[in-house]
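Letter by letter, the chains look like this.
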Amino acid sequence: MEYVDGVDLATLIRSNPTPAQALAIVPQICSGLQHAHEQRIVHRDIKAPNILVDWNGVVKIADFGLALLFDDDDPVSSL
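Residues numbered from 1 in each chain as written. Predicted model: local features only at pLDDT ≥ 70, side-chain atom pairs only at ≥ 80, totals over all residues. Heavy atoms only, no water.

With respect to unusual backbone geometry
Note on backbone geometry: most residues besides glycine have negative phi, and most peptide bonds are trans.
Working step 1: At Arg44, a position not held by glycine, the phi torsion is positive, near 70 degrees.
Working step 2: Looking at the secondary structure, you find Arg44 in the loop between strand S2 (41-42) and strand S3 (51-54).
Working step 3: With phi around 60 degrees, Asp63 is a residue other than glycine that occupies positive phi space.
Working step 4: Along the chain, Asp63 falls in the loop between strand S4 (59-61) and strand S5 (68-69). (Helix = DSSP H or I, 4+ residues; strand = E, 2+ residues; numbered from the N terminus.)

Let's talk about the pattern of salt bridges
Working step 1: Tallied over the entire structure, the rule returns two salt bridges.
Working step 2: Across the pair Lys60 and Glu2 runs a salt bridge, and its minimum N-O distance is 3.5 Å. Of the two residues, Lys60 is situated in strand S4 and Glu2 in the segment before strand S1 (6-8); the sequence distance between them amounts to 58 residues.
Working step 3: Overall, Glu2 belongs to the exposed group, its relative accessible area being 51%.
Working step 4: Lys47 is the partner of Asp45 in a salt bridge, and the nearest nitrogen-oxygen pair spans 3.7 Å.
Working step 5: A residue is classified by how much of its surface remains accessible, and Asp45, at 17% relative accessible area, is buried.
Working step 6: The partly exposed category is assigned to Lys47, whose relative accessible area is 41%. (Salt bridge = Lys/Arg side-chain N within 4 Å of Asp/Glu carboxyl O. Buried < 20%, exposed > 50% of the residue type's maximum accessible area, 1.4 Å probe, protein only.)

With respect to the nonpolar core
Working step 1: Core analysis: the biggest nonpolar cluster contains nine residues, these being Leu9, Leu12, Ile25, Ile29, Leu33, Ile51, Val53, Val59 and Ile61.
Working step 2: Among the elements of the structure, helix H1 (9-14), helix H2 (19-38), S3 and S4 are those that each provide at least two residues to this core.
Working step 3: Of the residues forming this core, the biggest block, three residues, is contributed by H2. (Core = buried A, V, L, I, M, F, W, Y, C linked by side-chain atoms within 4.5 Å.)

Comments concerning the environment of Leu52
Working step 1: The residue Leu52 is located in strand S3 in this model.
Working step 2: With 46 residues separating them in the primary sequence, Leu52 and Gly6 have C-alpha atoms 7.0 Å apart.
Working step 3: Excluding anything up to four places from it in sequence, Leu52 contacts Val4, Val7, Asp8, Val58, Val59, Lys60 and Ala62. (Contact = heavy atoms within 4.5 Å.)

Some remarks on the sheet that holds S4
Working step 1: Sheet architecture is open: three strands sit in the order S1-S3-S4, paired in antiparallel fashion. Bordering the open sheet on either side are S1 and S4, each of which pairs with just one other strand. Neighbouring strand axes in the sheet, compared pairwise and without regard to direction, differ in orientation by 25 degrees on average.
Working step 2: Two elements, S3 and S4, share three bridges in a ladder whose sense is antiparallel. Within S4, the residue paired with Leu52 across the bridge is Lys60.
Working step 3: In this fold H2 packs onto S3 and S4, with an angle of close to 35 degrees to the strand it touches most, S4. (Pairing = 2+ DSSP bridges. Axes fitted to C-alpha atoms, helices over the stretch in contact; angles between N-to-C directions.)

Spatial relationships are all this shows, so hold off on functional conclusions.
Listed below in structure tokens is the structure:
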């Protein structure tokens, strides 16, 4: 697992980020989830503690422990 030098989104929210900071984070979360979906992966546990933000503002989605892999033959199968 990759080490992310930063904080989780829950911690960042408590620090009262500016609107510009929030607007920089949201598209990255959406892009990450879109990429997972294109790989046929459904995260199923998206919440603030599972979104990591490094000190450069780069977002990483963590904890795919409950994720499911979508398969054409079996609509929902465990990873």
